[in-house]
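# Overview (structure and organization)
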Amino acid sequence: MSLLELKGVKKIYQQGKIKVPALRGVDLIVEQGEFSTIFGPSGSGKTTLLNMIGCLDTPTEGEIRLNGNKVSDLSRKALAMTRRFNIGFVFQSYNLIPVLTAYENVEFAIRLIDHTSELKVKERVLKILEEVGLKGLENRRPNELSGGESQRVAIARALVKEPKLVLADEPTANLDSKNAADVVKIMVKMNKELGTTFIFSTHDPMVMEYAHRYINLKDGMISADERRG
Amino acid sequence: MFSFKLGLKNLTRQKRRNVITILVIAFAFFGYLFMDSVMGGIEEMSFSNIKNYDTGNIQVVHPEYWKDREKLPLENLIYINQDIVDSIKNLDGVLGVSPELRFKANLNNGIDEVSVLGLGISSEQYNEVFATQNYIIEGSMFSTGESKAVIGVKLAELMDLKVNDYITLLVRTKEDTFNTIDVEISGLLNAPNPMINNGVVFVPLDIAQQGLNVGDGVSLLALKTASGDEDKIAKVLMDSFKNKDLDLKAYSWRESAESVIAFSTAKKGGAGTILSVVLLIGMIGIVNNVILSALERTAEIGMMKALGMREWEIVFVFMVEATGIGILGGLAGCLIGFTGVGLMAKYGFVDYSAMGVDISEFGLPIDKIYGTWNYPAFSFLFILSIMVALLSSILPAYWAAHKDPVKAIYHR
C-alpha cells in the first residue's frame, strides 16, 4: 500500500464570478520513505498541491488517500486529526511562535499528541533539537535565532511527532545558500534515519540535487515525474 | 496544559496594547466603585439625617394619624400619659423618647408671611432623641413655658429675621378656628437637614398645645434606639400596645421615609446603569484586543491548524489570554478602587462648606460627603471582570479559530 495516492485531483478557486483552476487533474503515488520535490514556475499549483496532500484543503474533484484512508472528503475536525498525527509541515517563513523558546515551539507539536510523560516529551524534544543542530539553543526565542536556526526549529517541530509525511513549502527560500544546504542536509538525514517521507516544493536547484524524485508541475498538471538513483 | 501556558505567554505580547486595555478596564471599574461609594455615602447620610433630625429611629402614633400624617392633622393625637412614656423609655434599647406636636402654620414677620411646619417640642426630651441642638449657631434653645422659638438660618434669611426678633405663627386650632402664637426667636439653627433649615419653627410643646387647643395631645412620640434595633423594638412596642389595649402603632424610620428609600432604590437602578456601561467598556476592550491579536497572528493561527489544533483549542488559547487581561484589569481596578474609596471614606469627597457652597439646597448634607465601603462590590466586580473577559472573548476567538487554514497560513 502506498503512503499517498492522488487520483484525478482538481482544485478550482472561485474568484468572484471567475473560476480559476489551480489543479487540473493530478495523479500521483508516493511511497513511504521517498524524498520528493515538486517544482515548477510560479502559479503552476505547487502550493495548492501541497495543501491538498497536507489535508489543509480539500479537492474540488478527485480522490486523495493517505495510508489507504480516503482523506479528500473528511470533515474539518477529521482533517485536523489527520494533520495532528500523520503530517508535519515546514513553511517558508518558519511560522514559529515568538513568545515560546525553541524548546517550547517543538514541545508544542508533541504536546498535541502526547499528554503522558513529561520526561519522555523532554527527552524527545531535546533529542530532535540536537539532531537538527540546535543543542545549546533550546532556550532562545525566535527573535534570538538566525533564519537558518529558525528553520531548523521548524523542521524539529515537524519531525518531533514522527509523522509519516513531512511537507515543506519552499523551506529554503528565505535562507542563504549555506543555511539552505544545512537545512536540506538535515532533512535528508532525517529521511534516511527515520524513514520519514518528505515532499517539498522548491525553485532551488541545490535543494533539487538531494531529491530522489522530481515532479514537474505545469499549469496545474504533472508534466514530468522522474526518479533518480 | 500547553494551550493554557501559551495563552498566558501571549499576555506578554503587545504589552502596550494589553496594558492600555487593562487600564481601561481598571479605570472603568474604579469609576463604578467610586460612584458606588459616593452614592452609598449620600444614602447613609440621608438616612442618618432622617433619623437624627426628622423622625427618630421609631415613631409611635395613632394608626389613623399615620394615614393622614402628611396633612398634619390635629385629630387622632396621642394624649400623653406619663406611665406610657416611662414604659416606653424603660424598654431595652430605647435611648430617648420625645413627644412632638406637628402643625401647619404661617410665619408672619410683620411684613411677609410664609408657610412653615410648626414643631412643638419639649427641648430636654427632644435633645435625647435628636442632634439638632448641636447646630444652633446663634442664640440658644428655649425651655418649657417660654414663648420662644428656634428657626433655621435659611428661613431667617428669607424672612429677614434674627435672634430676639418677634414672629407670629398663624394657626388653626383643633376646632378649626384661627389663632396666633406670638414668640421671640431664641436661636438660629444650621442643621444638616435642609428641611429644618428652610421651613421648620420649633416652639415649646406646652405653648404649641395651648395655641392649638389640643390639651396634652401630641402628634407622635419619636424614639431614639440603637441603630439596627428599630424593627425588633418596634415589634416589642406593638405587642406591648396590644396587651395594654392601646390604639397605638410603632413605625420604624424606614416607614416614615419612603421617599428617601425610593431614592435609594432608584440609586440601585442608577448603579446598574453605570455597571452596564462599565461592563460594555470592558467588553469592547477585550473584543478589540482579541480581534487585533487574531489579525496580527493570522499566520500563526494557520500554523496551529496545520499542526492539527482543533478550533476549540485555538479558542481556548485566546480565551486564556483575554481572561488574563480581565483578571489583571479587575485586580488593578480593585486596587485603584480600594485606594480611592479608602481616601474618600477617610477624608470625604469635597468640602463644600470650605468652598462656600451650600449643598443643603440640593438636599445634601452641609459639608463633606464621605464615601462608604461596599466590599461585596469589589468581589462582585472582580468576578464579573473575569466572566466578562471570558465570555466576550468567545466570539472573536471563534472567528479567529474558524479561519481557513490555507488563507491563514499564507495570510490571504
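Positions within a chain are numbered from 1, following the residues in the order the chain's sequence is written. Chain letters start at A and ligand numbers start at 1, both assigned in the order the entries are written. Residue-level local features of this predicted model are given only where pLDDT is at least 70; pairs of side-chain atoms are given and counted only at 80 or more, and the full residue set underlies all totals for whole chains, interfaces and linings. As a convention, hydrogens and water are excluded, and side-chain values are obtained from all of the structure's heavy atoms.

## Regarding the overall build of chain B
Operational definition: Secondary structure elements are taken from DSSP: a helix is a run of H or I of four residues or more, a strand is a run of E of two residues or more, and numbering for both begins at the N terminus. Throughout, the radius of gyration refers to the C-alpha atoms, and the reference size of a globule is 2.2 Å times the residue count to the power 0.38. Partly exposed residues are those whose accessible area sits between 20% and 50% of the maximum for their type, while under 20% is buried and over 50% is exposed, using a 1.4 Å probe and protein chains only. Calculation of accessible area relied on Shrake-Rupley with a 1.4 Å probe; when residues are assessed, cover is drawn exclusively from the protein chains displayed. Asp and Glu are treated as the negative residues and Lys and Arg as the positive ones, with His and the ends of the chain left uncounted. Note that the charge is assigned to NZ on lysines, CZ on arginines, CG on aspartates and CD on glutamates.
When helices and strands are counted, chain B shows 16 helices and 12 strands. A compact globule built from 412 residues would reach a C-alpha radius of gyration of about 22 Å, whereas chain B, at 31 Å, exceeds it by more than 25%. Structurally, chain B occupies a C-alpha span of about 95 × 50 × 35 Å along its principal axes. Counting across all 412 residues of chain B, residues that qualify as buried make up 53%. Here chain B has roughly 18700 Å² of accessible surface; of this, 59% comes from carbon and sulfur atoms. For chain B, the distance from the average site of its 35 positive side-chain charges to the average site of its 45 negative ones is 18 Å.

## Describing the sheet that holds strand S10 (residues 221-227) of chain A
Note on sheets: strands pair through backbone hydrogen bonds, and any given pair is parallel or antiparallel. Residue and element names in this part refer to chain A. Selection criterion: Any two strands are treated as partners once DSSP identifies two or more bridges connecting them. Whenever a helix is involved, its axis is fitted only over the stretch in contact; in every case the axis is a line through C-alpha atoms, and angles between N-to-C directions fall within 0 to 180 degrees. Two residues qualify as a contact provided that any one of their heavy atoms is within 4.5 Å of a heavy atom in the partner residue.
On the basis of which strands lie adjacent, the open sheet formed by six strands has the order S6-S7-S8-S3-S9-S10 and mixed pairing. For this open sheet the edge positions go to strand S6 (87-90) and S10, each flanked by a neighbour on one side alone. Strand-to-strand twist in this sheet, taken as the mean axis angle between neighbours without regard to direction, amounts to 15°. In this sheet, strand S9 (residues 213-218) lies alongside strand S3 (residues 35-39) in parallel orientation, the contact comprising four bridges. If you follow Thr37 over to S9, its bridge partner there is Tyr214. Relative to strand S7 (residues 165-169), helix H1 (residues 46-53) is tilted by about 155°, and along the sheet it contacts S3, S6, S7, strand S8 (197-201) and S9. Sheet strands touched by helix H2 (residues 76-86): S6 and S7. Its angle to S6, the strand with the most contacts, is close to 80°.

## Focus: the domain arrangement of chain B
Interfaces are frequently sized by the accessible area removed from exposure as the parts join. The line we're drawing: Just so you know, the domain bounds were taken from an automatic or database domain assignment.
Along its sequence, chain B is organised into domain 1 (2-50 + 260-409) and domain 2 (58-228). The C-alpha-based centres of domain 1 of chain B and domain 2 of chain B are spaced at 50 Å.

## Thoughts on the interface of chain A and chain B
Note the cut-off: Buried area: the accessible surface (1.4 Å probe) lost by two parts on joining, summed over both. Salt bridges, as used here, are contacts in which a Lys or Arg side-chain nitrogen is within 4 Å of a carboxyl oxygen on Asp or Glu.
Contact with chain A, which involves 27 residues of that partner, is made by 25 residues of chain B. Between chain A and chain B, the buried area comes to about 2500 Å², and carbon and sulfur atoms account for 62% of it. The tally of links from chain A across to chain B stands at five salt bridges. Salt-bridge contacts for Glu107(A) lead to Lys5(B); the nearest nitrogen and oxygen are separated by 3.9 Å. At the level of secondary structure, the elements contributing two or more residues to the side of chain A that touches chain B comprise H1, H2 and helix H3 (102-111) of chain A.

## Concerning a nonpolar patch on the surface
Going by this rule: Nonpolar side chains (Val, Leu, Ile, Met, Phe, Trp, Tyr) within 5 Å and like charges within 9 Å form the patches, drawn only from residues with over 30% relative accessible area and no salt bridge.
Taken together, the side chains of Met1(B), Phe4(B), Leu8(B) and Trp312(B) define a hydrophobic patch exposed on the protein surface, amounting to about 470 Å² of accessible area. Structurally, Phe4(B) is set in helix H1 (residues 2-10).

## Section: the pairing of strand S2 (residues 18-30) of chain A
Residue and element names in this part refer to chain A. Note: strand S1 (residues 4-15) against S2, 10 bridges, orientation antiparallel. By the bridge assignment for S2, Gln14 is matched with Lys19. In this antiparallel pair of consecutive strands, S1 and S2, the connection spans two residues, and Gly16 shows a positive phi of 65°.

## Section: the packing of aromatic side chains
All names here are of chain B. Inclusion rule: Here is the rule: rings of Phe, Tyr and Trp (six-membered ring for Trp) pair when centre to centre is within 6.5 Å. Planes less than 30 degrees apart are stacked, more than 60 are edge-to-face, and the remainder are tilted.
Inspection of the entire model under this criterion finds 14 aromatic pairs over all chains. For the pair Tyr126 and Phe130, a centre-to-centre distance of 4.6 Å together with 35° between the ring planes defines the contact as tilted. Each of the two residues, Tyr126 as well as Phe130, counts as buried. Among the aromatic residues, those joined into a ring-pair cluster are Phe338, Trp373, Tyr375 and Phe378.

## Digging into the environment of Trp399(B)
Residue and element names in this part refer to chain B. By the element assignment, Trp399 lies in helix H15 (residues 375-401). For Trp399, a relative accessible area of 40% translates into the label partly exposed. Separated by 105 residues in sequence, Trp399 and Ala294 place their C-alpha atoms 8.6 Å apart. With residues near it in sequence (within four places) discarded, Trp399 still touches Ile291, Ala294 and Leu295.

## Describing the UniProt feature "transmembrane region" (unreviewed entry) in chain B
Residue and element names in this part refer to chain B. Defined as follows: UniProt positions are given in the numbering used here, feature names are shortened, and annotations may be inferred rather than shown by experiment.
Mapped onto this numbering, the UniProt entry gives "transmembrane region" (unreviewed entry) at residues 20-42, 274-295, 316-345 and 377-401. Regarding residues 274-295, the helix share stands at 100% and the strand share at 0%, and the terminal C-alpha atoms are separated by 32 Å. Split by type, residues 316-345 is 100% helix and 0% strand. Its first and last C-alpha atoms lie 41 Å apart.

## Observations concerning the pattern of salt bridges
Enumeration over the complete set of coordinates arrives at 27 salt bridges over all chains. Across the pair Arg111(A) and Glu118(A) runs a salt bridge whose closest N-O atoms are separated by 2.8 Å. Accessibility expressed as a relative area gives 13% for Arg111(A), which makes it buried. For Glu118(A), a relative accessible area of 49% puts it in the partly exposed group. Among the ionic contacts, a cluster of salt bridges with common partners joins Glu104(A), Glu107(A), Arg111(A), Glu118(A), Lys5(B) and Lys9(B).

## Thoughts on the packing of helix H2 (residues 15-55) of chain B against H15(B)
A pair of packed helices can be characterised by two numbers: the angle between their axes and the separation between those axes. Residue and element names in this part refer to chain B. Put simply, the rule reads: Oblique is the label for any angle not covered by the other classes, which are roughly parallel (under 35 degrees), roughly antiparallel (over 145) and roughly perpendicular (65 to 115). Take the far helix as your reference; a near helix turned counterclockwise from it by less than a right angle gives a left-handed crossing, and one turned clockwise gives a right-handed crossing. Just so you know the grouping, Ala, Val, Leu, Ile, Met, Phe, Trp, Tyr, Cys and Pro go in nonpolar, Asp, Glu, Lys and Arg go in charged, and all remaining residues, Gly too, go in polar.
Between H2 and H15, the shortest axis-to-axis distance is 11 Å and the interhelical angle comes to 155°. In terms of their interaxial angle, H2 and H15 are classed as roughly antiparallel. Considering how the two elements wind past one another, H2 and H15 form a crossing that is right-handed. In contact with Phe29, Tyr32, Leu33 and Asp36 of H2, H15 contributes Ala377, Phe378, Leu381 and Ser385. Split by residue class, the contact of H2 with H15 holds six nonpolar, one polar and one charged.

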